[in-house]
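Single-letter residue listing:
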Amino acid sequence: MELSQELRNVVMHFGEMGSRWGFNRSVGEMLALIVLSEKPLSADEIVSALNISRGNVSMATKELHGWNLIRSQRTPGDRKDYFVPNGTIWELAQQVLAERKKREVDPTLSMLRAHFMRSEDDAESHSVKQLHEIHDLLELFNHWFDDVQQMKPEHLKNLMKLGSSVGKLLELSGKLFHSKSNEQSGS
């Protein structure tokens, strides 16, 4: 597979970004290449396009399979595996976020829960209050994340487009509810 210079720059950028998303450079480059390719790619085509070793491709495909970002497919009569994205761009983004949550947020919550169960710390101490606040924030994030993961991509896009308008709507609803409760109490 021959890459134009513009496409090569994009693929290289995804390699750089990969390290910020929890992958190494080769994994990020491979994911970009597979996602941007019109057709399924074999390991040999990936080796050629990215100028990396076959072993590096093998390790990277295992990692991408582990993140559930690519899948393998075969062509009848051909013994090679061909790699394709495991979903739409939105589904891949949700999968990356789910894996990051699983690898980063979930272990932190587990550690905090275990700490609270065995801890005899003074419940009024500053550090304990801070740990509870961290725990509550991560629990809230987990519930929100689970809700977002269940949303259809078109609904999620619309939610994201709302942006700061959601905050304004919440402020307005707060004022409405506050004035209604004042009216009911006779204030």
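Just above sits the structure.
This text gives an overview of the structure that appears in the document. Not measured: the values here are computed from a predicted model. (Residues numbered from 1 in each chain as written. Predicted model: local features only at pLDDT ≥ 70, side-chain atom pairs only at ≥ 80, totals over all residues. Heavy atoms only, no water.)

### Some remarks on the pairing of strand S3 (residues 82-85)
Looking down a regular strand, the side chains alternate between one sheet face and the other.
Move 1: The sheet contact formed by strand S1 (residues 41-42) and S3 spans two bridges and is antiparallel. If you follow leucine 41 over to S3, its bridge partner there is phenylalanine 83.
Move 2: As defined by bridge partners, strand S2 (residues 70-73) adjoins S3 across four bridges and the pair is classed as antiparallel. When the sheet's bridge partners are listed, isoleucine 70 is paired in S3 with proline 85. (Pairing = 2+ DSSP bridges. Helix = DSSP H or I, 4+ residues; strand = E, 2+ residues; numbered from the N terminus.)

### Concerning the pattern of salt bridges
Move 1: The final tally for this structure, using the stated rule, is nine salt bridges.
Move 2: Two residues, aspartate 44 and arginine 54, come together in a salt bridge whose shortest N-O distance is 3.9 Å. With aspartate 44 in helix H3 (residues 43-50) and arginine 54 in helix H4 (residues 54-66), the pair connects residues that are ten residues apart, well separated along the chain.
Move 3: Its relative accessible area of 41% is what places aspartate 44 among the partly exposed residues.
Move 4: The salt bridge partner of arginine 113 is glutamate 139, with a shortest N-O separation of 2.4 Å. Of this pair, arginine 113 sits in helix H5 (residues 89-118) while glutamate 139 sits in helix H6 (residues 126-150), and the two are 26 residues apart along the sequence.
Move 5: Since its relative accessible area comes to 36%, arginine 113 is described here as partly exposed.
Move 6: Classification of glutamate 139 by relative accessible area gives buried; the value is 18%. (Salt bridge = Lys/Arg side-chain N within 4 Å of Asp/Glu carboxyl O. Buried < 20%, exposed > 50% of the residue type's maximum accessible area, 1.4 Å probe, protein only.)

### What to know about the packing of aromatic side chains
Move 1: Evaluation of the coordinates by the stated rule reveals three aromatic pairs.
Move 2: Each ring, one from phenylalanine 23 and one from tryptophan 67, has its centre 4.7 Å from the other, and the planes form 70°; the classification is edge-to-face. Taken together, the residues span a long stretch of sequence, with phenylalanine 23 in the loop between helix H1 (5-21) and helix H2 (25-36) and tryptophan 67 in the loop between H4 and S2 at a distance of 44 residues. (Phe/Tyr/Trp six-rings, centres within 6.5 Å; stacked < 30°, edge-to-face > 60°.)

### Description of H6
Move 1: Look at H6: 37 Å from first C-alpha to last across 25 residues, which is about the 36 Å you get at 1.5 Å a residue.
Move 2: Of the residues making up H6, those classed as buried are Val128, His135, Leu138, Glu139, Asn142, Phe145 and Val148.
Move 3: Along its buried surface, H6 packs onto H5 and helix H7 (153-162). (Expected span 1.5 Å × (residues − 1). Contact = heavy atoms within 4.5 Å.)

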